[in-house]
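The primary structure of each chain is shown beneath.
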Amino acid sequence: MSETVMTPRPTSPVVCELRVLVRSGNYPQMLRRSTHLADLARWSTDAPALIQQLTVVADEGPIAAMIAIECLAEIRHGDADDVLVDLLRHQDLIVRRHAAWRLGDRKPTARAIPELVAMITLGGIDTMHANRTLANWSESTAHLVVRSAVEFLVNETNPAMRARLVDLLGVAGRCAEGVLLTVAADLEEAVTVRAAAIGALGEMGGNHIDAMLRELAAIDGPVAVDSAMALGRRAFGELPNPETVGGDGLRVAQLVLAEGLDGQLSLGGRGDTGGVASLLVSLGEALANRPDVDHVLTIGRGSSTDAFAGPHSSSRIPLTYGTIAFGDDVRPAETPDEIWEHIPAIRRGIRRSLRIAGPVDLLHLRMADAGTVAGAEVAKSLGVPICFSVAPDPHNVVESMHSRGELDDEAFVRLVTESHVWFRARLVERLAGEADQLALFPRTKQIDFLEDLASDTGQRMAVVAEGIDISLLDRAVRDYSIDPQGARRNDVLDELTGLIPAERRGLPLVLSVGRLNPVKGMDRVVSAWASDHRLAASCNLVIVGGSLDEPSATETSVLEAIDRALPLDDPNRAGLILLGGRPRADVARILVATSVGRTNAWSGGGVYVDGALKEEFGLAVLEAMAAGLVVVAPSTGGPSTYVDHGDTGVLVAPEDDLGFAIRGAFGLVDRIGRAERARSLVESQYSIATMADQLLDLYRPAMAMR
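A short tour of the structure in this document, coming up.

## Points about the overall build of the protein chain
Thinking step 1. Secondary structure assignment for the protein chain yields 32 helices and 13 strands.
Thinking step 2. The 706 residues of the protein chain split such that 57% are buried.
Thinking step 3. Nonlocal contacts in the protein chain, meaning residues at least 24 apart in sequence, comprise 70% of its contacts between residues at least 6 apart.
Thinking step 4. Here the protein chain displays about 28,300 Å² of accessible surface, and carbon together with sulfur accounts for 51% of that area.

## Comments concerning the pattern of salt bridges
Thinking step 1. Taken as a whole and assessed by the stated rule, the structure comprises 42 salt bridges.
Thinking step 2. Residue Arg102 is joined to Glu70 by a salt bridge in which the shortest nitrogen-to-oxygen separation is 3.2 Å. You can see Arg102 sitting in helix α6 (residues 93–103) and its partner Glu70 sitting in helix α4 (residues 62–72), a full 32 residues away along the chain.
Thinking step 3. Given the relative accessible area of 7%, Arg102 is considered buried.
Thinking step 4. The salt bridge partner of Glu285 is Arg584, with a shortest N-O separation of 3.0 Å. Remark: Arg584 occurs in helix α28 (residues 584–596) and Glu285 occurs in helix α14 (residues 275–288); sequence separation between them is 299 residues.
Thinking step 5. Glu285 gets classed as partly exposed once you look at its relative accessible area, which sits at 21%.
Thinking step 6. Overlapping salt bridges, with partners in common, bring together Asp39, Arg42, Glu70, Glu74, Arg102, Asp105, Arg426 and Glu429 in one network.

## Things to note about α4
Thinking step 1. Most of α4 sits out of view: 10 of its 11 residues are buried.
Thinking step 2. Considered for burial, the residues of α4 that qualify are Ile63, Ala64, Ala65, Met66, Ile67, Ala68, Ile69, Glu70, Cys71 and Leu72.

## With respect to the side chain of Glu555
Thinking step 1. Along the chain, the position of Glu555 falls in helix α27 (residues 553–565).
Thinking step 2. Within the structure, Glu555 has its side chain in polar contact with the backbone nitrogen of Ser547 (distance 3.2 Å).

## Let's talk about the packing of α6 against helix α20 (residues 409–419)
Thinking step 1. Between α6 and α20, the least distance of the axes is 10 Å, while the angle of their chain directions is 50°. In terms of orientation, α6 and α20 fall into the oblique class. Where α6 crosses over α20, the two elements pack in a sense that is left-handed. The segment α6 lies against α20, with Leu93, Ile94 and Arg97 engaging Val413, Val416 and Thr417.
Thinking step 2. Here the contact of α6 with α20 is composed, by residue class, of 4 nonpolar, 1 polar and 1 charged.

## Quick notes on the sheet that holds strand β9 (residues 540–544)
Thinking step 1. Strand order in the open sheet formed by 6 strands is β10-β9-β8-β11-β12-β13, with parallel pairing between adjacent strands. The two strands at the open ends of the sheet, each matched to only one other strand, are β10 (576–578) and β13 (649–652). The average angle at which neighbouring strand axes cross in this sheet is 20°, direction not considered.
Thinking step 2. Where α28 meets the sheet, its contacts fall on β8 (509–513), β9 and β11 (607–609), and the angle it forms with β8 comes to roughly 155°.
Thinking step 3. Here helix α29 (residues 619–626) sits on the sheet in contact with β8, β11 and β12 (630–634), set at roughly 165° to β12.

Cut-off values and rules
Residues numbered from 1 in each chain as written. Predicted model: local features only at pLDDT ≥ 70, side-chain atom pairs only at ≥ 80, totals over all residues. Heavy atoms only, no water. Helix = DSSP H or I, 4+ residues; strand = E, 2+ residues; numbered from the N terminus. Buried < 20%, exposed > 50% of the residue type's maximum accessible area, 1.4 Å probe, protein only. Contact = heavy atoms within 4.5 Å. Areas by Shrake-Rupley, 256 points an atom, 1.4 Å probe, with all protein chains shown as cover. Salt bridge = Lys/Arg side-chain N within 4 Å of Asp/Glu carboxyl O. Polar contact = N/O pair within 3.5 Å; in protein donor to acceptor, adjacent residues only side chain to side chain. Axes fitted to C-alpha atoms, helices over the stretch in contact; angles between N-to-C directions. Parallel < 35°, antiparallel > 145°, perpendicular 65-115°, else oblique. Left-handed = near helix turned anticlockwise from the far one by under 90°. Nonpolar A, V, L, I, M, F, W, Y, C, P; charged D, E, K, R; others polar. Pairing = 2+ DSSP bridges.

By themselves, these observations are geometric and do not establish any function.
Here is the structure:
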């Protein structure tokens with residue numbers, strides 16, 4: 001009797017292309033083409049065979065596994081769920097993380113719940129992915145989620161891990177109410193854990209919950225403010241319809257997870273309060289001054305006390321600032337990676353600010369970060385239209401590193417693991433498809449997926465150049481012309497003068513302004529200046545940014561990198577001045593004074609340097625140009641669209657000698673008409689007023705949705 005010979009099924013075209021893609025070493029293509037492969041997988045006519053082959057592929061390395069997961073997530077077959085759940089136990093963290101994220105797009109699988117609950121305790125973006133997947137599943141499996149979370153909670157003593165589990169219980173709905181009440185009232189429980197429970201209860205409501213929250217709010221203790229805020233969230237109810245509150249002007253909200261968002265930008269340059277924060281402060285004022293705008297709400301980050309106080313105004317125009325609070329010593333939120341796990345608290349804070357400040361016609365979101373994830377979810381739940389500023393980051397990060405030959409398989413996996421470029425790229429793509437309006441940056445090349453977006457969706461898009469507040473520089477010029485020696489005591493220019501050693505006075509300044517974050521390249525600027533002996537001998541270097549007294553972990557790492565580049569005992573150290581973060585008016589004065597000079601302190605004709613390898617747009621570069629400074633800026637990203645290389649500045653490729661570029665910039669200072677050309681360009685194309693006008697044209701259709 002002859003044996004039956006099983007003919008093996010041919011390899012799927014999806015798998016063939018996947019393997020070719022992985023072997024190509026073209027990492028930007030891997031990021032882009034994986035969505036195409038996932039689309040092909042969705043329409044496979046032999047799903048079981050494809051799933052089996054993708055299961056094999058998932059063992060061929062983390063990159064192949066991530067693309068296989070993208071494909072599996074699109075196949076509507078139960079076997080795909082089984083494979084994805086098995087991948088939650090993969091040896092590579094990035095594979096486990098990828099599977100947890102993409103399971104959120106599928107129907108609940110009971111077998112995955114304990115694995116995802118265990119991932120909740122890890123912190124960072126792992127907590128976020130597991131939390132969001134289980135939140136999506138909770139509508140039909142809340143009791144299973146709660147049971148598994150409680151089992152972990154009973155055996156867990158670490159406060160940070162317990163708080164993450166309580167955050168999960170908060171998204172599970174009413175069946176977690178009893179546990180949350182017990183945790184919130186437990187005086188022996190860690191404050192961070194109780195705060196998570198109180199925040200979750202504030203979203204639920206009910207007379208018995210309100211009674212307990214009122215009792216906790218009346219007690220002078222660390223959770224009193226949290227309890228009062230939890231009560232306040234419901235007191236303001238849902239957003240009323242704009243047409244029920246009078247006024248026919250536009251009402252806009254904008255969001256950035258930065259501290260010190262007030263009229264002065266008092267924490268400018270510290271922590272994550274950088275260019276985007278400065279932009280939103282200036283833009284809020286410009287929009288609020290328009291006659292057809294009724295209200296602008298700018299939401300930032302701050303203390304619990306500030307959040308409890310609610311949105312406040314710092315001017316006579318219809319402009320308010322809202323504050324959301326998250327993170328503490330037990331669960332820090334200093335770095336972008338740490339912030340991801342705080343999305344439940346960020347969501348509550350955004351919702352509270354929107355409720356207190358009144359109705360809005362539109363929420364403008366920027367950046368592929370945790371704030372945007374939370375803001376988009378809140379806007380969807382409240383029915384608020386979204387405008388999204390689409391930047392080619394992180395797509396261009398991968399493109400740039402690939403073009404410089406900095407990526408191999410190991411480096412790419414590390415980039416995806418540490419910087420989350422794969423998830424953030426998908427976030428940008430998803431929001432670009434779902435947002436009601438899109439604001440695009442002016443640049444020579446847009447992201448590939450945007451090319452057909454308008455025709456596919458009928459979406460309204462506009463190219464909107466970011467702008468700077470030229471009036472702030474004009475005021476600095478007027479003040480400086482009246483008072484060039486800084487007769488006002490405690491002036492920032494007096495302080496800068498005092499920090500320059502007597503033997504180095506009279507030299508021009510090289511100035512760099514920005515956050516002390518590795519991406520800003522401050523240590524790169526210091527290294528370039530210090531290692532070029534002619535440069536170090538002929539000018540002083542001034543770095544404006546960061547908290548020098550109480551630096552964050554990120555700022556500390558940059559300060560340590562600066563010390564390595566220029567040790568404290570190096571003679572050139574006398575020419576390096578670290579000024580720390582400054583309010584935006586102080587920055588304007590420093591820019592102007594660097595250009596003009598100051599008697600017995602420094603000569604005019606200084607140079608501005610942006611040390612980043614890539615700059616998304618470069619608002620500080622534009623401010624420097626408007627102040628009359630020659631600029632040195634990266635050739636990758638936004639500056640290449642407005643810096644005239646060899647005239648108004650010097651564009652530097654990542655592999656170029658930055659010190660040589662700075663010396664070249666000094667050679668441009670005396671070019672006839674240079675400063676006027678730069679100023680004219682900024683005034684005509686990159687002022688905050690121009691930006692406000694362009695955005696209002698983009699925003700107005702949202703009013704028709706009232």
